[in-house]
Each structure stands twice: as structure tokens, then as C-alpha cells.
Amino acid sequence: MNIFLKVLIFVTILVYIPIIIVFVRYRQDCKGAENILETEEVPKSEKFGLEKIKFKRGIAKEIYRTHKTREIINNFKEEFDITAKNCKDYKNHFFTNEECEDLIRENFSERIYNAYMSINPNYGACRADLFRYLIIYLRGGIYLDIKSVITDNIDDILEDNPDKMLVHHPVQIKYLNAFSSVFPPWGEYNQWSIVSPKGHPMLRKIIEKIVYNIELEKSRKHKKFSGGLDVLTLTGPYMYTKVITDNKLRGVKEVGFNFNGCFRKTKTLFADYKTRYGENNTHYYKLTTNIIS
């Protein structure tokens, strides 16, 4: 093989692989957008019992995580240790499924608790989505997925933005998704981490939107939401991004790619999912049952 052919193959790989990746993300975003159109706007007259939690300036140095059982922590010890090393004066909290249910029942309205319990328990990710918005709205601070890591000191970022909900993008190359009309130029916002003061009005809007759409889905004879992409739409990053952008980022600040490089999510692909999460756990992308029962 001559040098020209080698260079041609190398350039072709460099050009076409990113194009394929962008196209896949674009199609995923478009599907997510189609699903979002199936959700409903919350009537202004609706009451959810969230108003009693007042906004409190300052982002608490509290980190929250959740999963089915406490034993799972052993499989993510590295993530917990790295985060603890970089957040030495932060308090860490872990909630099991039962503890999540108890906290929501004790601190929120019956309407919100019933919406949470209406989520099919097989969709643990969906329940964790709603829990993360609720716990940070209730207490303020940082929510992290169990496989997420804080890789650097973030004190300055929190102290410089005491009244902001902080959001960040999953795409490092700016405008990679520029031709998608669905989400901001960097794609949807990450919500495997939530960083906000207590009682932030944007979190209230996100919670209200999710609860209202859960109630509508529960009332339908023929359900609309089932499987992976619909999790992203009903409670996950598509819904999260849609509400934030619809409200023109009021009280929200963008802090770039993965919290200016201070956050990281370890990859847990289908091949090692059961190794880390347990044999009895199935990734929600592989589920086809109804999300709302």
C-alpha cells in the first residue's frame, strides 16, 4: 500500500467518523424532540405544593446520590473516592429506593408523591431523575449520578454563582450539533449532575412539567411513553433542556463542557452494566414496557 493511499484512508476516517457520530446524535435529538411535542404545557392555575419551599441564596456544599440499595457503593468506590478527595469539606448523602420514597412522602405534596410512585419501578433511572430535581429543590447543593465524578475543586464556581442554577453541556466541541434546531448548539444539557441553590424557580418548573405529564400519561388508555428515548423525554435531559430553554435560562448559568472540565461520567456500557449494577438490573434503553403504570 503506497503512502498516498494510506493518507487517503486516514483522512477519510478522520472526516467520516465524526460525521457519523454527529448524525446519530442529531437523529436522537430529533426523536427526542418529536416525543417532547407529545408532552403537555402546564396550566398556570395548577398547584403542586412547591411554593412553600423558598429560594435560598448560596449553593450548599452537599452532594446527593441514589440507587436501589446501599451495597452498590462498593462497585463505584473509585468514583466516590475521587469525588471525596476533591470535595473534602462537602457532606455526602446516599439514598436507597426506600429512603427516596420516604423523603418525598414526608416533604412534598401527595400529588408529587403519587406521581413518583406511578413510575414503573423497573425504570429506576426515571425515578432517580425526578428524585434529583426534588432533593436539590428541597435542600440545594449537588446531585451526582452514582457513576459521576468531581475531578477538581469547584468552590470558586459555586461561590461566584450563589443565586444561579448551573448547567453544562456534554459536547466538548462547540457547535458540533449546530445544525440541529432542537437544542442549544452544544446539544442537550447534562443532568447526571444538578447544581443549584435551594428552591430555585427553574427546578420548580421542571418538577411541575414532569408531574403534570406523568398524570396525563397515567390517565391515557393507550400509553405514549415506553423505553429508553421516552425516559429522556419524560424525566431526563430532553425534558430538562426543553424547560430551561423555553424559560430563556432565567436564573440559570451555563458553565461550559462538563462543568468547565470539573465533572466526569465514567462509561458503563451494556457489556459491563450488569457487572457494576448487578445481574437483576436491566439498562432502561433495553426496556419496552410502559414507563407509567
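For the structure given in this document, a descriptive report is provided here. Model, not experiment: these values are computed from the prediction. (Residues numbered from 1 in each chain as written. Predicted model: local features only at pLDDT ≥ 70, side-chain atom pairs only at ≥ 80, totals over all residues. Heavy atoms only, no water.)

Quick notes on the pairing of strand β5 (residues 165-169)
The element β5 is largely enclosed, with a buried count of five among its five residues. Alternating positions in β5 separate into two faces, Met165, Val167 and His169 on one and Leu166 and His168 on the other, with burial throughout. The pairing of β5 with strand β7 (residues 252-257) spans four bridges and is parallel. Residue pairing for β7: histidine 169 is matched across the bridge by phenylalanine 257. (Buried < 20%, exposed > 50% of the residue type's maximum accessible area, 1.4 Å probe, protein only. Helix = DSSP H or I, 4+ residues; strand = E, 2+ residues; numbered from the N terminus. Pairing = 2+ DSSP bridges.)

Topic: the packing of helix α3 (residues 97-107) against helix α5 (residues 124-139)
Angle between the axes and distance between the axes are the two parameters that describe a pair of packed helices. The geometry of α3 relative to α5 is characterised by a closest axis approach of 11 Å and an angle of 50 degrees between their N-to-C directions. Viewed along their axes, α3 and α5 adopt a mutual orientation that is oblique. You can see that α3 and α5 cross each other, and the crossing is left-handed. Taking contact as the criterion, the partners of Cys100, Glu101, Leu103, Ile104 and Asn107 in α3 are, on α5, Arg127, Phe131, Leu134, Ile135, Leu138 and Arg139. (Axes fitted to C-alpha atoms, helices over the stretch in contact; angles between N-to-C directions. Parallel < 35°, antiparallel > 145°, perpendicular 65-115°, else oblique. Left-handed = near helix turned anticlockwise from the far one by under 90°. Contact = heavy atoms within 4.5 Å.)

Overview of the environment of lysine 253
When you line up the elements, lysine 253 lands in strand β7. Look at lysine 253 and you get partly exposed, because its relative accessible area is 36%. Each C-alpha atom, one on lysine 253 and one on valine 167, is 6.2 Å from the other, the two residues being 86 residues apart in sequence. In this view, lysine 253 contacts Asn161, Lys164, Met165, Leu166 and Val167; residues no more than four positions away in its chain are not counted.

Overview of helix α2 (residues 77-86)
Every buried residue of α2 is listed here: Glu79, Phe80, Thr83 and Asn86. Take α2 and look down its axis: the buried residues cluster within an arc of 140 degrees, on one side only. Seen from the open side of α2, the exposed residues pointing more than 90 degrees away from its buried face are Lys77, Glu78 and Lys85. (Arc of directions from axis to C-beta.)

Structural notes on the nonpolar core
Counting 54 residues, the largest nonpolar core has Phe108 and Ile206 as its most contacted members. Broken down by secondary-structure element, the contributors of at least two residues to this core are α3, α4 (110-118), α5, β5, α7 (201-219), α8 (228-234) and α9 (237-246). Of all the elements, α5 adds the most residues to this core, at ten residues. Once you skip the residues sitting within four places of it in the chain, isoleucine 206 turns out to touch Tyr133, Met165, Tyr240, Val243 and Ile244. Tyr90, Ile150, Ile157 and Phe259 belong to the second largest nonpolar core, which has 17 residues in total. (Core = buried A, V, L, I, M, F, W, Y, C linked by side-chain atoms within 4.5 Å.)

Brief notes about the pattern of salt bridges
A side chain of one charge can pair with a side chain of the opposite charge if their charged atoms are brought near each other. Under the criterion given, the structure shown has 15 salt bridges. Across the salt bridge formed by arginine 105 and aspartate 102, the nearest N and O atoms sit 2.6 Å from each other. On the criterion of helical spacing, the pair formed by arginine 105 and aspartate 102 is a turn pair, its members being three residues apart in helix α3. Between glutamate 215 and arginine 111 there is a salt bridge, and its shortest N-O distance comes to 2.6 Å. (Salt bridge = Lys/Arg side-chain N within 4 Å of Asp/Glu carboxyl O.)

Some points on the side chain of glutamine 191
Tracing the chain through its elements places glutamine 191 in the loop between β5 and β6 (193-196). Polar contacts involving the side chain of glutamine 191 include one to the side chain of aspartate 129, which spans 3.1 Å. Reaching out from glutamine 191, the side chain makes a polar contact with the side chain of tyrosine 133 at a distance of 2.8 Å. Each residue touching glutamine 191, except ones within four places of it in the same chain, is listed here: Asp129, Arg132, Tyr133, Thr235, Gly236, Pro237 and Tyr240. (Polar contact = N/O pair within 3.5 Å; in protein donor to acceptor, adjacent residues only side chain to side chain.)

Some details on the packing of aromatic side chains
A complete count under the given rule lists five aromatic pairs for this structure. Between the aromatic rings of phenylalanine 259 and phenylalanine 263, the centroid separation amounts to 4.3 Å while the plane-to-plane angle is 10 degrees, which identifies the pairing as stacked. Since its relative accessible area comes to 0%, phenylalanine 259 is described here as buried. Its relative accessible area of 2% is what places phenylalanine 263 among the buried residues. What links up through ring pairs into an aromatic cluster is the set Tyr64, Phe95 and Phe131. (Phe/Tyr/Trp six-rings, centres within 6.5 Å; stacked < 30°, edge-to-face > 60°.)

Points about α5
Look at α5: 22 Å from first C-alpha to last across 16 residues, which is about the 22 Å you get at 1.5 Å a residue. Buried residues dominate α5, accounting for 13 of its 16 residues. (Expected span 1.5 Å × (residues − 1).)

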